[in-house]
Amino acid sequence: MLKTSRYFFISFWLLMSAAVQGQEPLPQWVPARGITVGVNLAGPINRLMDDNRTGISFLTRVNFGEDMYLLGEAGFENVNFRKERYTYDSNGTFLRIGIEKDILPRKHQTNDNLLMGLQYGFALHEHGASGYTIRNGYWQDYSGNVSSYTLNSHWVEFSMGPRTEVFKNFYMSWKLHIRTLIATNNSELLKPYIVPGFGNGDRRLNAGFSYTLEYLLPLRK
Amino acid sequence: MKYIVLIIFSFLTLMVLPTSCAPEEICLSNQHSVQTGFYSAYSVKKDTTLAKASVYGIGQDSLVYKDARIGKMFLTLSFSADTTIFIIDNNTLLDTLWFRHSKSLEFISRDCGFTWNFIVDSVWHTNTFVDSVSISYPQVNYGENVENIKIFLY
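Everything numeric here is computed off the predicted structure, so don't read it as measured data.

What follows covers the overall build of chain A. Counting its regular elements, chain A contains two helices and ten strands. Across chain A, helices and strands are ordered from the amino to the carboxyl terminus as α-β-α-β-β-β-β-β-β-β-β-β. Out of the 221 residues in chain A, the part that is buried amounts to 34%. For chain A, contacts bridging at least 24 residues in sequence account for 63% of all contacts bridging at least 6.

Here's what the structure looks like:
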């Protein structure tokens, strides 16, 4: 809880500092343009809250138009746990592509953004339950397993959040995401514990967050 | 327009976020029991009880009920056999119930794992003090609390 509070405090501080900077127009300001490469720390942060999960993703974005970005992200997420009821293993990768629009008014003349995006996500992963036990309570318990198999999932997501230039060409951002599953080829009994990049496999609608660090490779004029 | 989008997005996030951060689900136990109720053979609408009865499964050392006043029974079905047999010892009078069933595997949730659901196909019985039985609801499903079998007593 303390970590979450600290996270939100830092994030809001960044947003506020961006707004304060925005009130002081920079001389001869030119919007930053180029390709960024970055890392999304949502995976490592998720691991702090749930040590069954391991994952990370990397992203890139490029400007197009006045205030639009093309965004691409790729990563992996593995889940491994041994519970009393079943043992579960999942290994998978995901890809996310989409667009983002900066809705912060241009009059602020900073490289800070308030980004609103629409993305398509795709995950390919293998999962299985190497052992499960069903307790009976009176008669003999039952033990079985579900062999690993591969499945894919498709979703769309909406995202929104601030992005600020903390040093020259170095950006930090956090975003909230709402994801909705549109298709999966899972016809088996076992549902994914986590769909990589999407979240809880029990649900068709998930909320998530991202926390990214990006470096801008400026385009020369 | 931008502010409307912001408000809608914030509202949607607030709606979805609590469900995404939901605590671990509470898993139910003893969900493989057929529920039976005792009724008078002379009046269908009148339920009845056994004053001092013991119930056990064939081949089991432990009792399901011991010298208990029983109006309804929860009898756990076997995972390994397709017929589960229980004996009711009603103050030295004995009756046997055979439950023939089929089962299907179900994945409950990521927190609770797997379970077996049953369908009770047929029930046989001896006639010491049991007059007849009827299957009122053949499915024995996880999370349901429904009487499956009516047992009519002399």
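This is not the end of the story, as more comes after the structure.
All names here are of chain A. In terms of strand pairing, strand β4 (residues 86–102) meets strand β5 (residues 113–134) through 17 bridges, oriented antiparallel. Within the sheet, the bridge partner assigned to Ser90 lies in β5 and is His127. The sheet contact formed by β5 and strand β6 (residues 142–167) spans 19 bridges and is antiparallel. Considered in β6, the bridge of Gly121 is made with Trp155.

With that settled, the discussion passes to the pairing of strand β11 (residues 149–153) of chain B. Residues and elements named next belong to chain B. With five bridges connecting them, strand β1 (residues 33–40) and β11 associate as parallel partners. Each residue of the ladder has a partner; that of Phe38, found in β11, is Ile151. For strand β9 (residues 130–135) and β11, the ladder comprises five bridges, and the chain directions are antiparallel. If you follow Ser134 over to β11, its bridge partner there is Lys150.

Right, let's talk about the interface of chain B and chain A for a bit. Facing the 27 residues of chain B at the interface are 27 residues of chain A. Secondary structure elements with two or more residues in the side of chain B that touches chain A: α1 (2–20), β7 (93–109) and β8 (113–125) of chain B. For the side of chain B that touches chain A, the element with the highest residue contribution is α1 of chain B, accounting for eight residues. Among the residues making up the side of chain B that touches chain A, the classes are represented as twelve nonpolar, 13 polar and two charged.

Let us now look at the nonpolar core. Membership of the largest hydrophobic core comes to 22 residues, with the highest contact counts inside it found for Val34 and Val55 of chain B. Elements that contribute at least two residues to this core include exactly β1, β3 (50–57), β4 (63–70), β5 (72–76), β6 (83–90), β7, β8 and β11 of chain B. If we skip the residues at most four places from it in the chain, Val55 of chain B touches Leu63, Val64, Tyr65, Met73, Phe86 and Ile88 of chain B. Core analysis: the second largest hydrophobic core is formed by 15 residues, Tyr86, Ala129 and Leu181 of chain A together with Phe114 of chain B among them.

Time to look at helix α2 (residues 42–49) of chain A. Residues and elements named next belong to chain A. Here α2 has its buried residues at Ala42, Gly43 and Asn46. Relative to the axis of α2, the buried residues are bounded by an arc of 95° and lie together on one face. In this fold, the buried residues of α2 make contact with β1 (34–40), β2 (53–64), β3 (68–82) and β10 (205–218).

Right, let's get into the sheet that holds strand β10 (residues 139–140) of chain B. Residues and elements named next belong to chain B. The strand order across the open sheet built from six strands is β4-β3-β6-β7-β8-β10, with neighbouring strands paired in antiparallel fashion. The outermost strands of the open sheet, each flanked by one partner alone, are β4 and β10. Taken together, the two bridges between β8 and β10 define a ladder with antiparallel strand orientation. Residue Ile119 lies in a different strand from β10, and its bridge partner there is Gln139.

All names here are of chain A. The strand order β1-β2-β3-β4-β5-β6-β7-β10 describes a closed barrel built from eight strands, whose pairing is antiparallel. Strand after strand, the sheet turns through a mean of 25° between neighbouring axes, direction not considered. Of the strand pairs in this sheet, strand β7 (residues 170–184) and β10 are connected by eleven bridges, and their pairing is antiparallel. Across the sheet, residue Lys175 finds its bridge partner in β10, namely Ser210. With respect to the sheet, α2 is in contact with β1, β2, β3 and β10, its orientation differing from that of β2 by roughly 155°.

A few words now on the confidence of the model for chain A. Residues and elements named next belong to chain A. Model confidence for chain A is summarised by a mean pLDDT of 87, while 86% of its residues fall at 70 or above. For chain A, the element scoring lowest by mean pLDDT is helix α1 (residues 2–22), at 46; β4 scores highest, at 96. Contacts of residues 1–7 to residues separated by more than four positions or lying in other chains number zero contacts, the stretch itself having pLDDT below 50. Considering only residues more than four positions removed or in separate chains, one finds that residues 16–22, a stretch of pLDDT under 50, has ten contacts.

What counts and how
Residues numbered from 1 in each chain as written. Chains lettered and ligands numbered in written order. Predicted model: local features only at pLDDT ≥ 70, side-chain atom pairs only at ≥ 80, totals over all residues. Helix = DSSP H or I, 4+ residues; strand = E, 2+ residues; numbered from the N terminus. Buried ≥ 20, exposed ≤ 12 C-beta atoms within 10 Å, placed from the backbone. Contact = placed C-beta atoms within 7 Å. Pairing = 2+ DSSP bridges. Nonpolar A, V, L, I, M, F, W, Y, C, P; charged D, E, K, R; others polar. Core = buried A, V, L, I, M, F, W, Y, C linked by C-beta atoms within 7 Å. Arc of directions from axis to C-beta. Axes fitted to C-alpha atoms, helices over the stretch in contact; angles between N-to-C directions. pLDDT = per-residue confidence, 0-100.

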